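Summary of the model geometry
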Amino acid sequence: MILRRPFFWIILLIAAGFIYAPLHGNNVSLREDLILVAIAIILASNLNLMIGYTGYVNFGHIVFYGLGGYVGLYLTTVRNWNLVLSALVAGVVVSVCAFLFGLAILRLRGAYFALATIGILQAVQAFVSNFDPWGRSTGMYLSFNSYQSLGGARRALWITYFLIIAVMALSMIVSLAIKNSKFGLGLFAIREDEDAAVVLGVNATVYKAIIYSVSAFLPAVAGALMFFKNGMIDPSIAFEYMLSLEGIVMLMLGGQGSVIGAALGGALYEKLRSYLLTAPVLSNFHLVIAGGLLLMVVLFAPGGLIGWVYRLVPRARKVIE
Amino acid sequence: MSGVLASMIDGVLVGAVYGLAAMGLSLIWGVMDVINLTHGAMIALGMFCMYLLFSAVHISAYVLLLPTIGVGLVIGIVVYWMAVHWVVGRSMLMSLLSTFAVNMMVIGIGTAVWSTSPYNVNLDNQKLKINDITVGAYTFTGNHIAAAISAVVIALALQFFLYRTRTGKAIRAVADNREAAELMGISSTAVLSIAFAIGIALACTSGALVSTLFPFTILSGAVYQLKSFVVTILAGLGKPFGALVAGVLLGLLEGVITPFIAVSWIPLIEFGLFVVVLVAFPQGIFGKRATA
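**A closer look at the overall build of chain B**
Counting its secondary structure elements, chain B contains 11 helices and 2 strands. Listed by position from the N terminus, the elements making up chain B come as α-α-α-α-β-β-α-α-α-α-α-α-α. Over its C-alpha atoms chain B spans a radius of gyration of 19 Å, differing by no more than 12% from the 19 Å that the globule rule assigns to 292 residues. With the principal axes as the frame, chain B shows a C-alpha extent of 60 × 45 × 40 Å.

Next up, the structure:
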């Protein structure tokens, strides 16, 4: 059972830390920092389900986040739904789309799938930029009334923060649960040798479609919450290609295939990026540095940071997964 | 109706340039089984290479294609030794990620140097050029005709190189079976680096040609990268000349649909085509069996 894994309790401790730190002394700027870290962890953890577990690169992972944001903002603003309900519905809608879509494109093997995901990103962005109900390229704005139902803007922002932290913890728990399940074993088999896995009775197409749709759910919920917090959305910020790319850097940096690796990579990279963006000389070059980092990891340390830790302390595998 | 015909002809002209870009992608993919994700960035570099050369010397843009090819070859060799050599033969994931990392670095540097604002190459004041041809109410711009001719000439030159020269034959041998080629005394490392450099040079050249047709930014490469993927999939892997034909087909298709719908829908249609072709013909329409 998952409750018996020590790492499960570590995840809860991390989440508790995220909640306690900014509440202590009502530190709003710390909260804004941590929210970005949490989003990075959510994206990297869910991307890990595809890249790390199944061995399929998804270059357009940000599509889920952006679409979730659009559906969420549409429901809260135009339909006046409650925040939690619309975030959940956004998650369900996006993952159902991902499942149906996955059934089609996941017949494609390895690299072909990766190419298709680049196409999906551009196609979805083109679609949303032309879609009238979502404000085409100008996007949508949140009406201020939406904050009222949560007890004013100040409280609404705190509530959104707690919800995002919950999604972050859930992302890691889902990763952990899948890693320790029969379903997860099937995914690992697909990663190692898809033909052999199929011969041994793994229904690869369905498995891949399921994991694709699972990896869509929480980022979509997070997108709905995050764009509710920001109060506006447009196609260029919702489907920020760079963030999609940086998600891959985060994951590879931390260590693909490992739950803590994805989270660690997300947190570290986000810190690095905010440092680079504020440093005057380096701000123009943060993409170059990210690319260089990715290249180094791919060429010299395919296991990432956590792979290095595992090599130093093999017993660590049992505790931090 | 004749409007559609004119649009189709223009589509075919532009399609030849798409085909040239796709040839580069297809060559690298076919020879070393690496999907070159620096493709879009290299197309963008070609655009800026042409921009810089043309603002320095006002001779014909089509003469400047030659130095662009040279620049492309050099960049190709550098990128090969930086990111590709170490991952050839390893899992697809690794080569995707390493070329992708180079892509990020190039785009990052490009954004820092040129920002993301649009540039264009103004061909009006060049010496050597083809005049616009007017048929009835429609004008076919000389630039488009000249770009298409250049693309076809370069494609024919590549075809000649691959089928008639010793190096070209070595490249095809390595693409067919690397081990057997090595047993015959071909140095596969040299061949792979040459093939990669040629692939990059083709991307740069097509970028240079695109820059003479449309305004561009450092990020424009991504659009043509998607088109190149579509074209390569249509043509099947390792068939460079097939890529040219498929490029013309894609241009024709764009020509047919642009009079009827907004241009911003085109990525969606191309992507739809891409998925349909991939799912229906996983090995390419006229391709050999791919090892993905």
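**Quick look at the overall build of chain A**
A count of helices and strands for chain A gives 16 helices and 2 strands. Taking 2.2 N^0.38 as the reference for a compact globule, 321 residues should give roughly 20 Å; the C-alpha atoms of chain A span a radius of gyration of 19 Å, in line with that estimate. Across the 321 residues of chain A, 51% fall into the buried class. Across chain A, the fraction of contacts at a sequence separation of at least 24, relative to all contacts at a separation of at least 6, is 77%.

**Things to note about the interface of chain A and chain B**
Every contact between the two is made by 37 residues of chain A and, on the other side, 32 residues of chain B. Going through the elements one at a time, α4 (83–105), α5 (110–129), α12 (241–254) and α14 (286–300) of chain A are the ones with two or more residues in the side of chain A that touches chain B. Here the side of chain A that touches chain B is composed, by residue class, of 26 nonpolar, 9 polar and 2 charged.

**Focus on the packing of helix α2 (residues 28–54) of chain A against helix α13 (residues 259–278) of chain A**
All names here are of chain A. Look at α2 against α13: their axes get within 8 Å of each other, and the N-to-C directions meet at 140°. Looking at the two axes, α2 sits oblique to α13. Here α2 and α13 pass one another in a crossing that is right-handed. Between α2, through Leu36, Val37, Ala40, Ile41, Leu43, Ala44, Ser45, Asn48 and Gly52, and α13, the contact on the second element is made entirely by Val259, Ala262, Ala263, Gly265, Gly266, Ala267, Tyr269 and Glu270.

**Section: the nonpolar core**
If you look at the biggest cluster of nonpolar residues, it comprises 207 residues, and the most contacted ones within it are A:Ile164, B:Val17, B:Leu20 and B:Ala195. Looking at this core, the element that brings in the most residues is helix α10 (residues 204–230) of chain A, giving 16 residues. The contact partners of B:Val17, leaving out residues within four places of it in the chain, are B:Ala147, B:Ala148, B:Ala151, B:Ser206, B:Leu209 and B:Val210.

**Focus: helix α1 (residues 6–23) of chain A**
Residues and elements named next belong to chain A. Here α1 is 18 residues long and its end C-alpha atoms lie 26 Å apart, about the 26 Å a rise of 1.5 Å per residue gives. Taken together, the buried positions of α1 are occupied by Ile11, Phe18 and Pro22. Buried positions in α1, seen along its axis, are confined to an arc of 20° and lie on one side of it. Structural note: α1 exposes Pro6, Trp9, Leu13, Ala16, Gly17 and Tyr20 on the side pointing more than 90 degrees away from its buried face. Contacts from the buried residues of α1 go to α2 and α7 (152–179). Gly25, located one to two residues past α1, shows a positive phi value of around 85°.

**Things to note about helix α8 (residues 188–211) of chain B**
When the terminal C-alpha atoms of α8(B) are compared, their 34 Å separation across 24 residues agrees well with the 34 Å that a helix rising 1.5 Å per residue should span. Where burial is concerned, most of α8(B) is hidden: 20 out of the 24 residues are buried.

**So, unusual backbone geometry**
All names here are of chain B. Non-glycine residue Asp33 carries a positive phi angle of around 60°. In this structure, Asp33 sits in the loop between α1 (2–32) and α2 (39–56). Within the chain, Ser115 stands out as a residue other than glycine whose phi angle is a positive 55°. Note that Ser115 resides in the loop between α4 (92–114) and β1 (133–135).

**Thoughts on the environment of B:Asn131**
Residues and elements named next belong to chain B. With respect to the helices and strands, Asn131 occurs in the loop between α4 and β1. Residue class for Asn131 comes out exposed when judged on the 8 C-beta atoms lying within 10 Å of it. A sequence separation of 12 residues divides Asn131 from Asn143, and the C-alpha atoms of the two residues are 8.1 Å apart.

**Examining the confidence of the model for chain B**
All names here are of chain B. The pLDDT averaged across chain B works out to 85; a share of 93% of its residues lies at or above 70. Every residue in residues 288–292 is under pLDDT 50, and counting partners more than four places away or in other chains gives 12 contacts. The ipTM assigned to the predicted complex is 0.81, against a pTM of 0.83.

**Section: the environment of A:Leu3**
All names here are of chain A. Tracing the sequence through the fold places Leu3 in the segment before α1. For Leu3, a count of 6 C-beta atoms within 10 Å gives the class exposed. With 143 residues separating them in the primary sequence, Leu3 and Ser146 have C-alpha atoms 37 Å apart.

**Things to note about the packing of α7(A) against α10(A)**
All names here are of chain A. Look at α7 against α10: their axes get within 10 Å of each other, and the N-to-C directions meet at 165°. Relative to α10, the element α7 lies roughly antiparallel. Considering how the two elements wind past one another, α7 and α10 form a crossing that is left-handed. Residues Leu157, Thr160, Leu163, Ile164, Val167, Leu170, Ser171 and Val174 of α7 form the contact with α10, whose participating residues are Leu218, Val221, Ala222, Leu225, Met226, Phe228 and Lys229. Across the contact of α7 with α10, the residue classes tally to 12 nonpolar, 2 polar and 1 charged.

**Let's talk about the environment of B:Ser150**
Residue and element names in this part refer to chain B. Mapping Ser150 onto the fold places it in helix α5 (residues 142–164). Spatially, the C-alpha atom of Ser150 lies 36 Å from that of Arg90, the residues being 60 residues apart in sequence. In contact with Ser150, other than residues within four places in its own chain, are Tyr62, Leu65 and Leu209.

Parameters at a glance
Residues numbered from 1 in each chain as written. Chains lettered and ligands numbered in written order. Predicted model: local features only at pLDDT ≥ 70, side-chain atom pairs only at ≥ 80, totals over all residues. Helix = DSSP H or I, 4+ residues; strand = E, 2+ residues; numbered from the N terminus. Rg over C-alpha atoms; globule rule 2.2 N^0.38 Å. Buried ≥ 20, exposed ≤ 12 C-beta atoms within 10 Å, placed from the backbone. Contact = placed C-beta atoms within 7 Å. Nonpolar A, V, L, I, M, F, W, Y, C, P; charged D, E, K, R; others polar. Axes fitted to C-alpha atoms, helices over the stretch in contact; angles between N-to-C directions. Parallel < 35°, antiparallel > 145°, perpendicular 65-115°, else oblique. Left-handed = near helix turned anticlockwise from the far one by under 90°. Core = buried A, V, L, I, M, F, W, Y, C linked by C-beta atoms within 7 Å. Expected span 1.5 Å × (residues − 1). Arc of directions from axis to C-beta. pLDDT = per-residue confidence, 0-100.

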